[in-house]
Amino acid sequence: MKLVIAVVQDKDSNRLSNALIKEGFRATKLASTGGFLRAGNTTFLIGTEDDRVSEVLTVIKSNCKIREQMVTPVSPMGGTTDSYIPFPVEVQVGGAAVFVLPVERFEHF
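- Taking an unreviewed UniProt entry as the reference, the chain is identified by name as Cyclic di-AMP receptor A belonging to Paenibacillus solanacearum.

Written out as structure tokens, the structure reads:
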């Protein structure tokens, strides 16, 4: 048995959740925040048999896409803001960070 931990962007969360249910996977969703944008994420905890890990990864990959987003950086900390002019920059967001861990024991009550 494996535990698949997938951290995805909130925009992909509902689509991924529906796809996992459709494919017969049960998952626990946790609200999380991270990354340099401090944007909202959703962390999925998915327990599955070893032989279905590739199926889970395929579902995640097909529902969590990397996209471009324009962001305006915050002003520098501790510096003077007189000469700081923020301008939007394009960054890649989305996709999924996925970890696959072995499960030594699983109990369901």
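Next comes the rest of the write-up.
### A closer look at the overall build of the chain
In step 1: A tally of regular secondary structure across the chain gives two helices and six strands.
In step 2: In the chain, the succession of helices and strands from N to C terminus is β-α-β-β-α-β-β-β.
In step 3: Relative to its full complement of 109 residues, the chain shows a buried share of 26%.
In step 4: For the chain, the proportion of contacts with a sequence separation of at least 24, taken over those separated by at least 6, is 68%.
In step 5: Counting only carbon and sulfur atoms, one obtains 56% of the accessible surface of the chain, whose full area is about 7700 Å².

### With respect to the layout of surface pockets
In step 1: Estimates place the volume of the largest pocket at around 350 Å³.
In step 2: Along the walls of the largest pocket sit 17 residues, with Arg26, Ile46, Gly47, Thr48 and Phe106 positioned nearest its centre.
In step 3: Within the residue set of the lining of the largest pocket, elements represented by two or more residues are strand E1 (2-9), strand E2 (27-34) and strand E3 (39-48).
In step 4: The leading source of residues in the lining of the largest pocket is E3, at four residues.
In step 5: In terms of residue class, the lining of the largest pocket is built from eight nonpolar, five polar and four charged.

### Here we look at the nonpolar core
Proteins that are soluble and globular tend to have nonpolar side chains buried together.
In step 1: Among the nonpolar cores identified, the biggest contains 13 residues, and Val8, Leu16, Leu20, Phe44, Ile46, Val56 and Ile60 are the most heavily contacted of them.
In step 2: Put simply, the parts of the chain that give this core at least two residues each are E1, helix H1 (10-22), E3 and helix H2 (53-63).
In step 3: Among residues more than four places away in sequence, those in contact with Val56 are Val4, Phe25, Ile46 and Thr48.

Here is what the cut-offs are and how they apply
- Residues numbered from 1 in each chain as written.
- Predicted model: local features only at pLDDT ≥ 70, side-chain atom pairs only at ≥ 80, totals over all residues.
- Heavy atoms only, no water.
- Helix = DSSP H or I, 4+ residues; strand = E, 2+ residues; numbered from the N terminus.
- Buried < 20%, exposed > 50% of the residue type's maximum accessible area, 1.4 Å probe, protein only.
- Contact = heavy atoms within 4.5 Å.
- Areas by Shrake-Rupley, 256 points an atom, 1.4 Å probe, with all protein chains shown as cover.
- 1 Å grid on protein atoms, 1.4 Å probe; cavity = no way out; pocket = protein on both sides within 12 Å on 5 of 7 lines; lining within 4 Å.
- Points joined across faces, edges and corners; volume = space filled by probe spheres on them.
- Nonpolar A, V, L, I, M, F, W, Y, C, P; charged D, E, K, R; others polar.
- Core = buried A, V, L, I, M, F, W, Y, C linked by side-chain atoms within 4.5 Å.

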